Every structure is written in C-alpha cells, then in structure tokens.
Amino acid sequence: MAASVSPNPQFCKRFSSTKTATTSAAAFFSKPSQISPNFNLERAKPSFLVRCSIRSSAPPISTLKQSCPRPEYIPNRISDPNYVRIFDTTLRDGEQSPGATMTTKQKLDIARQLAKLGVDIIEAGFPASSEADLEAVKLIAKEVGNVSPEGADGHVPVICGLSRCNKRDIDKAWEAVKYAKKPRIHTFIATSEIHLKHKLKKTKEQVLETARSMVAYARSLGCPDVEFSPEDAGRSDREFLYEILGEVIKAGATTLNIPDTVGILVHDEFEQLIADIKANTPGIDNVIISTHCQNDLGLATANSIGGAIAGARQLEVTINGIGERAGNASLEEVVMAIKCRGEQVMGGLYTGINTQHIVVTSKMVEECSGLHIQPHKAIVGANAFAHESGIHQDGMLKNKDTYEIMSPEDIGLLRSNESGIVLGKLSGRHALKAKLLELGYDIDGKELDDLFPRFKSVAENKKNITDEDLIALVSDEVFQPQVFWKLGDVQVTCGTLGLSTATVKLIDADGKEHIECSVGTGPVDAAYKAIDLITKVPLILLEYSLSAVTEGIDAIATTRVLIRGDSQTATHALTGEAMSRTFSGTGAAMDIVVSSVRAYLGALNKKLSFKKLNESEILVA
C-alpha cells in the first residue's frame, strides 16, 4: 500500500516530525545512534512505496532534506549529524586515468562547474607534482575558492591540495591553496604491511612519527583544515591503524580519510572497518571520518554508502567514476543513492548537491577528459532512461513510476523532443541553444557563435539532425583545448592504384598558414604524417577509434585518438616506474579523414597547452 507524505514546510526536521501514516516507520530512524553497522535492510524495509523524483505532486520522501540549509562549514565537525560532505577528486585522482590529462583552463572550467553542482570540497590537484599543477590549483583557489556561483546560496567550496607526508609537498600544497577562503591540505602515507615493507621500507614507528610530525607541520603553516589518509587502510593492521589515527588527531588533523586504495574490500568489510575505527580510535569524536573507495571489484559506490551508514560523513568521489585503474566511487551514483534511499534506509542522510547539475557536469568531464561513458553507466549513461522492451514501454506509457525510480529531470536531463524542437537547415541560434539545453549543454556567447556555422554546414547536407549529431559537434567545437594549430584544409588521394597522399594546410596561433604533403599506408596515416611535418612535434599514436554516431551513409563520424610525446615524463609515486603523459583528442565531421585530423589536432593542442615547466612529474594513485 502506498502512503502519501505531507511534510511540514515550516520545519526542517527529521522525517519523524511528519504526522502521517508512516510515523511508525519513521520512528525507527528517529535517532542516528540506532543505525547499526550491521543494519538489516529486509527487517527494516518500510511498508510503503517511495519514488525519488521531482515529478511527483508531493515532495518525495528522499528530498525532504534537500531544502534544508547546508550546515555552516566547520573543518572538524558538522552541526547536522545527517549531513554528508561530498569531496570531489576528479581533478586529482580522476585526471590520473590514462589519456585524461587536462589543461589548466579545462580544470578551471570543471572546478567552476563543481562549485555550481554544490560539492563541499574540491581536491584541485597535487601541487608538488609540477609547477603546472601548482599554478592550476592556485588559480582554482583564487577563482573558485572565493566566490559563490549563481544559485549556490552563498556556498563556497573548500579547495584542497594533495601532498605526501614530507615538508616539500606540504609547502607546495599550502602555497597553492592558501588563497582560498576555505583551504585544506590533504596529506597521506601508507600504513599496510606490504607498503611498509616493499615501498616505504620503514617501520611502523617511523611511519607513525612521520604522520604525526607532518600533520603538525601542516597546521603550523596556518592551515586550519588538514586531512590525513593512511594509504591502503583496507589492508592495514587494525591496531596500528587506530594508533596512527589517534596520533594525527592529537597533531591537529580535522578529517581522517580511510582509503580502500586497491579496491579489495567488499561492502560488509568496509562498513565494519569504518565502524571499528569509530569505536576504537582515541579522539575520533573530534574529527570527520571520510571514505575513498577504488572500484577494482566494482564495489566503490556500495562501499562508500556502507561507510556513510557506519558513520563516515565525508565521501570522496569523482564525476563519472573516473580515476586510477578501474576508477573511483562515482559522484552521481553515490549522491543519487543517498537522495533516493537516504531517508528510508540510511537514517536520514542527505547531501548539499544540486542534482540538476549532474548531467552538465558529467558531459563536461567526459569531453575534457576524453573518457567516454559506457551507454549502460548508471545515472548518466545514454541508456539510463531508455526503455526498449515492449513490456517496459507499456508500463512507462501507463505510469512512469513502473520502471523509473527517478526522473531525468532529477539530474538535469530532458527527454528527446519533449520541447518539440526539430532542427534543420532553417533553424536559428535560439532554436539551437534551446535544443542544446535540452541535451544538457548550457552554451552561449562565443561558444554558440563558433558552433552555429558548423551546425549549419551539417544541416545543409543532412535531412535529419539527430541528438547524437549535435553532441558530436559540441564535443568537437566547444570542448577543445587552447588552439595552437587549427585545420585549414585537407585533401587526400587514395585507392588501389597508388600510394595514399595527403595535403594538409594548418593555421598557427598567429594566423600564418603552413602546407605540407605526405604519403602513407592510408589517407589518415598520410594526413597525420603531413601534420607532423608542419608541427615538428614528435608524437606516438597509441590508440585510434572511429565510429558513426547515427545510422545512414550521411552519418557524422567521430574519432578518438590517444597520443604520447617524448617531452613530458612522469614518475609514479607508488611504483616508482617512469611514465609518459598521454593526451586524448576527439574530432567529428561527415568526412572520416577530416574527423580523424580534427582528433589528432585536438590531442596535439592539449599536449601543447599543458605547461612544460617540469620535465619530471609525479603522479599519485
């Protein structure tokens, strides 16, 4: 039986304050202390139906808390015990995905969007890794860490910089984040036996002293907010973990982050780990417990939620779940899980995220990182709100609640054609802008002016302009790095009668034209070799993929390439292996050679945009 809920709008209290048919179920969750680490969902399952959606006429149960004011930020405590801070590390851990290197401008744009999204903490980078990263974090601290974005009700995010437990790293982190209104230093050192023995080659006593002294050093610089992470906590000795966490609390840590660095723990194990730390660490009531779950076994979201149920009040996540190896806990999955089920089975947990910015943020990160989202990705995948089965379609036509636990509008997505706009060669800028908004892209000004001619060119050659066509054009035109080399013209000759030949004209940043001709094993190979002759930048093509975005012989072709140069090397902080930065690029055009050239130039421009201020950089998992 379904029961309606009519919350009292005059009070922002727990669900138990609403006197409805659901009072008995709500009373079960009336005190946070009643939530056990071994909470049994089946025993506590309420006898009413709840839908996480803004479409319902009455406010859904899961969003009753969303209208509450965000608690005032205090580094080591939260005034509302049900509020969960969202710590986004897309710009640090997320950027470590192969090919996901982003330029300073892209990082700044994403940081601004994360502020609009409402994340509590932005981990903007690892300042000690290079001068380029230091400058990027410093710019974000100044530009994003002091101004509340429109519609954010005065919220200004904490800007955080990562550091290892040494003075050089901590100095660099403080140099970068100190310009923010709310700065944070996040320092870490490994604590598991395997890391102590094989990586650090230190004793537990040495690591404990390093952690204690470096947290104290970070506080001595004037930083009021210091986060400490015992790397590989999931495989660390529990007693040592309690001891080192207790010592860094005494030294001034305000947040204790518990990372499952290799993603080895299952849900019950991680939930119990957080519960045990909460029960056994001296001084734990004076800090915030955080989670950082890697996705090696596909359990990062589940483990993060388990950690929150056990008492963690900060969850570290990335947009689209990108990151080292299999990635991190996905912001959109974690946030929507809390929004949909927080009141029912998590004792009233809620976040400050404006979920209607999720789609825009997801698309921005997808385009800037070059890491495409698989169609079946939860929440933001192309198929997340698609219904093909006849049975499902029948149910959706009768009542959308039959097969959707949330509506697209919850995350800022409008279904295709709901606006009634059909684009064609006679469409103007206003129609294009409206359609792009429907697809989740808020594009205006110069970006719209640059995109419009490309749209008109395609519209002249295609009878039907699809959503996929527009998405491909936006990716190719709007989400491109600073232009050092721009495509002028390309002409190829190929076939079975002779060698493939390409003539390419590029325009440099000063507007000067450069023309070269080359032969190759095919038209794309020939075009790439001609580009290399012009730019004189040695590149290695690592990956090349080409796909049609729609059906038909007039489809737009999209190309993605991954390149590596020889000028930017890196040393992985965990393995010590020498690495080279890789850069991705995407291109779109109705001609596959033009699409391929655009992708190659996009990757090249990203490489050139990345400041070469430090030839040896450090990446951290």
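Data block above holds the structure.
Residues numbered from 1 in each chain as written. Predicted model: local features only at pLDDT ≥ 70, side-chain atom pairs only at ≥ 80, totals over all residues. Heavy atoms only, no water.

**Q** Got a sec to walk through the overall build of the protein chain? Specific residues and values, please.
**A** In terms of helices and strands, the protein chain carries 18 helices and 15 strands. Counting only residues that meet the buried cut, the protein chain has 56% of its 621 residues in that class. The long-range share in the protein chain, meaning contacts at least 24 apart out of those at least 6 apart in sequence, stands at 67%. (Helix = DSSP H or I, 4+ residues; strand = E, 2+ residues; numbered from the N terminus. Buried < 20%, exposed > 50% of the residue type's maximum accessible area, 1.4 Å probe, protein only. Contact = heavy atoms within 4.5 Å.)

**Q** An account of the pairing of strand E11 (residues 513–520) is requested, with residue identities and associated values reported.
**A** When strand E10 (residues 500–508) meets E11, the two strands line up antiparallel, connected through eight bridges. Looking at the pairing, Val 504 lines up with Glu 516 of E11. The turn joining E10 and E11, which pair antiparallel and follow one another in sequence, is formed by four residues; a positive phi near 85° is taken by Gly 511. (Pairing = 2+ DSSP bridges.)

**Q** Explain the side chain of Thr 582 residue by residue, including any values.
**A** With respect to the element layout, Thr 582 can be found in strand E14 (residues 578–589). Look at Thr 582 and you get buried, because its relative accessible area is 13%. In this structure, Thr 582 is in contact with Pro 98, Gly 99, Thr 101, Leu 542, Leu 562, Ile 563 and Arg 564, ignoring residues within four places of it in sequence.

**Q** Before we move on, could you go through the sheet that holds strand E3 (residues 158–164) and cite the residues and values that matter?
**A** With parallel pairing, the eight strands of this closed barrel are ordered in space as E1-E2-E3-E4-E5-E6-E7-E8. Each adjacent strand pair in this sheet contributes to an overall mean axis angle of 25°, direction not counted. Here strand E1 (residues 85–88) runs beside strand E2 (residues 121–125); their pairing, made up of two bridges, is parallel. From the neighbouring strand, Asp 88 faces E2, where its bridge partner is Ile 122. In the packing of helix H11 (residues 331–345) onto the sheet, the strands contacted are E1 and strand E8 (314–317), and the crossing angle to E8 comes to about 145°. (Axes fitted to C-alpha atoms, helices over the stretch in contact; angles between N-to-C directions.)

**Q** For the nonpolar core, give the residues involved together with the corresponding values.
**A** Of all hydrophobic cores here, the largest spans 116 residues; its most connected members are Phe 228, Leu 256, Leu 436 and Phe 455. The dominant element in this core, judged by the number of residues it contributes, is helix H8 (residues 238–251), at eight residues. Residues contacting Leu 256, with those up to four places away along its chain left out, are Phe 228, Leu 245, Val 248, Ile 249, Ile 284, Val 287, Ile 288, Ile 289 and Ser 290. Membership of the second largest hydrophobic core comes to 29 residues, among which are Trp 485, Val 524, Val 593 and Tyr 600. (Core = buried A, V, L, I, M, F, W, Y, C linked by side-chain atoms within 4.5 Å.)

**Q** How would you explain the packing of helix H10 (residues 300–310) against H11 if you had to name every residue and give the values?
**A** Taken N-terminus to C-terminus, the directions of H10 and H11 make an angle of 40°; their axes are 11 Å apart at the nearest point. With respect to their mutual orientation, H10 and H11 come out oblique. Here H10 and H11 pass one another in a crossing that is right-handed. Judged by residue contacts, Thr 301, Ser 304, Ile 305 and Ile 309 of H10 engage Glu 333, Val 334, Ala 337, Ile 338 and Val 345 from H11. When the residues that make up the contact of H10 with H11 are grouped by side-chain class, the tally is six nonpolar, two polar and one charged. (Parallel < 35°, antiparallel > 145°, perpendicular 65-115°, else oblique. Left-handed = near helix turned anticlockwise from the far one by under 90°. Nonpolar A, V, L, I, M, F, W, Y, C, P; charged D, E, K, R; others polar.)

**Q** Tell me about the environment of Asp 554, and name the residues and values.
**A** With respect to the helices and strands, the residue Asp 554 is situated in the loop between strand E12 (539–548) and strand E13 (557–572). Classification of Asp 554 by relative accessible area gives partly exposed; the value is 29%. Note: C-alpha distance between Asp 554 and Asn 464 (90 residues apart in sequence) is 9.9 Å. If we ignore the near neighbours within four places in the chain, the residues touching Asp 554 are Asn 461, Lys 462 and Met 590.

**Q** Go over the pattern of salt bridges with me, naming the residues and quoting the values.
**A** Under the criterion given, the structure shown has 32 salt bridges. The salt bridge partner of Lys 105 is Asp 109, with a shortest N-O separation of 2.8 Å. Highlighted residues: Lys 105 and Asp 109, both in helix H3 (residues 104–117), separated by four residues, approximately one helical turn. Since its relative accessible area comes to 55%, Lys 105 is described here as exposed. For Asp 109, a relative accessible area of 25% corresponds to the partly exposed category. Put simply, Asp 237 and Lys 204 hold a salt bridge, and the shortest N to O gap is 3.9 Å. (Salt bridge = Lys/Arg side-chain N within 4 Å of Asp/Glu carboxyl O.)

**Q** So what's going on with the sheet that holds E10? Residues and values would help.
**A** If you trace the three strands from one edge of the open sheet to the other, you get E9-E10-E11, paired in antiparallel fashion. Where the open sheet ends on each side, the last strands, each with one partner, are strand E9 (485–493) and E11. Within this sheet the neighbouring strands show an average axis-to-axis angle of 20°, counted without direction. Of the strands in this sheet, E9, E10 and E11 are in contact with helix H17 (residues 523–535), which crosses E11 at around 140°.

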